[in-house]
Amino acid sequence: MSFSELGLIPELVAAVEAKGYTIPSPIQARAIPAVLDRRDVLGGAQTGTGKTAAFSLPMLQILSGAEFNGQNKRPRALVLAPTRELAAQVHQSIVDYGQHVNIRSFVIFGGVGFQPQINALRRGLDIVVATPGRLLDLCQRGEMQLSNIEMLVLDEADRMLDMGFINDIKKILQLMPAKRQNLFFSATYTKEVKKLADSMLHNAVEVEVGCA
Ligand code: AMP
């Protein structure tokens, strides 16, 4: 099985090949076609399984296929991550995989100045990768609109709940359209994680894998 056999466009296949990947990992082989099919996905996966590419590659493909008329300033995809380190890492992967497609992305987290984040939002973005607290803060300041979000990724959902982000996540969910594609990743499935997944996902494809 190759990346192009999963249905990825040549621009994305070239970017993964430049990273030295030749064979999709098990989670990529199962999740990429499901995401391209616009299905919700419930992924049981640890870090190290290749889950970042499993959601980033089809996300870049879906967004780059849409007509860009220069007026669509509001982000259409949001990735929520528990820590600034993970958010930065996921964003870097999106930049690397998206080098041959015309997609604007930015990473947003707390502990740094607001202005560069506000400037990027005002210029217009397709993908935002964010930690929940700063994202909500920007929404409450009227700088971030989630009304165009059509794809949401919750990465490391179990860690987000452990870190006490449940109320922020619930508030963020209220700010986006109910009709959207949801991709939910967690290494463990406690009662609380399952409850959150159930409240978000519709007819999800379940992908459970160990390390690649
Ligand atoms: P992740 O689970 O997304 O944090 O990815 C774990 C590591 O595996 C990262 O360093 C990726 O660069 C690498 N990786 C992702 N997909 C593949 C693949 N198909 N083949 C080889 N390495 C990969």
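Residues numbered from 1 in each chain as written. Predicted model: local features only at pLDDT ≥ 70, side-chain atom pairs only at ≥ 80, totals over all residues. Heavy atoms only, no water.

What about the overall build of the protein chain?
Right, on to step 1. Summing up its helical and strand segments, the protein chain has nine helices and seven strands in all.
Right, on to step 2. In terms of overall dimensions, the protein chain is globule-like: its C-alpha atoms have a radius of gyration of 16 Å, near the 17 Å expected for 212 residues.
Right, on to step 3. Each of the three principal axes of the protein chain carries a C-alpha extent, and together these read 45 × 45 × 30 Å.
Right, on to step 4. Counting every position in the protein chain, which comprises 212 residues, the buried fraction comes to 53%.
Right, on to step 5. Taking all contacts inside the protein chain whose residues are at least 6 apart in sequence as the whole, residues at least 24 apart take part in 73%.
Right, on to step 6. Split by element, the accessible area of the protein chain, about 9800 Å² in all, is 48% carbon and sulfur.
Right, on to step 7. In the protein chain, the 22 positive side-chain charges and the 21 negative ones have mean positions that sit 7 Å from each other. (Helix = DSSP H or I, 4+ residues; strand = E, 2+ residues; numbered from the N terminus. Rg over C-alpha atoms; globule rule 2.2 N^0.38 Å. Buried < 20%, exposed > 50% of the residue type's maximum accessible area, 1.4 Å probe, protein only. Contact = heavy atoms within 4.5 Å. Areas by Shrake-Rupley, 256 points an atom, 1.4 Å probe, with all protein chains shown as cover. Lys, Arg positive; Asp, Glu negative; His and termini not counted. Charge placed at Lys NZ, Arg CZ, Asp CG, Glu CD.)

A few points about the sheet that holds strand S6 (residues 181-186)
Right, on to step 1. Across the sheet, seven strands lie side by side as S3-S4-S2-S5-S6-S1-S7; this open sheet has parallel pairing. Sheet topology places strand S3 (105-108) and strand S7 (205-208) at the edges, where each strand pairs with a single neighbour. In this sheet, neighbouring strand axes are inclined to one another by 10 degrees on average, regardless of whether the strands run parallel or antiparallel.
Right, on to step 2. Here four bridges tie strand S5 (residues 151-154) to S6, and the two strands are oriented parallel to one another. Bridging from a neighbouring strand, Val153 pairs with Leu183 of S6.
Right, on to step 3. Relative to S3, helix H5 (residues 115-123) is tilted by about 150 degrees, and along the sheet it contacts S3 and strand S4 (127-130). (Pairing = 2+ DSSP bridges. Axes fitted to C-alpha atoms, helices over the stretch in contact; angles between N-to-C directions.)

A few points about the packing of helix H2 (residues 26-36) against helix H3 (residues 51-65)
The axes of two packed helices give the description: the angle between them and the distance between them.
Right, on to step 1. Interhelical geometry of H2 versus H3 gives an angle of 25 degrees and a closest axis separation of 9 Å. Relative to H3, H2 is oriented roughly parallel. The way H2 lies across H3 gives a crossing that is right-handed. Residues Ile27, Gln28, Ala31, Ile32, Val35 and Leu36 of H2 form the contact with H3, whose participating residues are Lys51, Ala53, Ala54, Leu57, Pro58, Gln61 and Ile62.
Right, on to step 2. Split into classes, the residues belonging to the contact of H2 with H3 amount to ten nonpolar, two polar and one charged. (Parallel < 35°, antiparallel > 145°, perpendicular 65-115°, else oblique. Left-handed = near helix turned anticlockwise from the far one by under 90°. Nonpolar A, V, L, I, M, F, W, Y, C, P; charged D, E, K, R; others polar.)

What about unusual backbone geometry?
Right, on to step 1. Even without glycine at this site, Glu156 takes up a positive phi of about 55 degrees.
Right, on to step 2. Locating Glu156 in the fold gives a position in the loop between S5 and helix H7 (157-162).
Right, on to step 3. The backbone of Asn203 sits at a positive phi, close to 50 degrees, despite the residue not being glycine.

Focus on the site of the ligand
Right, on to step 1. Residues in close proximity to the ligand include Phe3, Tyr21, Ile23, Pro24, Ser25, Gln28, Thr47, Gly48, Thr49, Gly50, Lys51 and Thr52, which together make up its full environment.
Right, on to step 2. Interatomic distance of 2.9 Å between a backbone N/O atom of Ile23 and a nitrogen atom of the ligand.
Right, on to step 3. Within the contact set of the ligand, an oxygen atom lies 3.0 Å away from a backbone nitrogen or oxygen of Thr49. (Near = heavy atom within 4 Å. Polar contact = N/O pair within 3.5 Å; in protein donor to acceptor, adjacent residues only side chain to side chain.)

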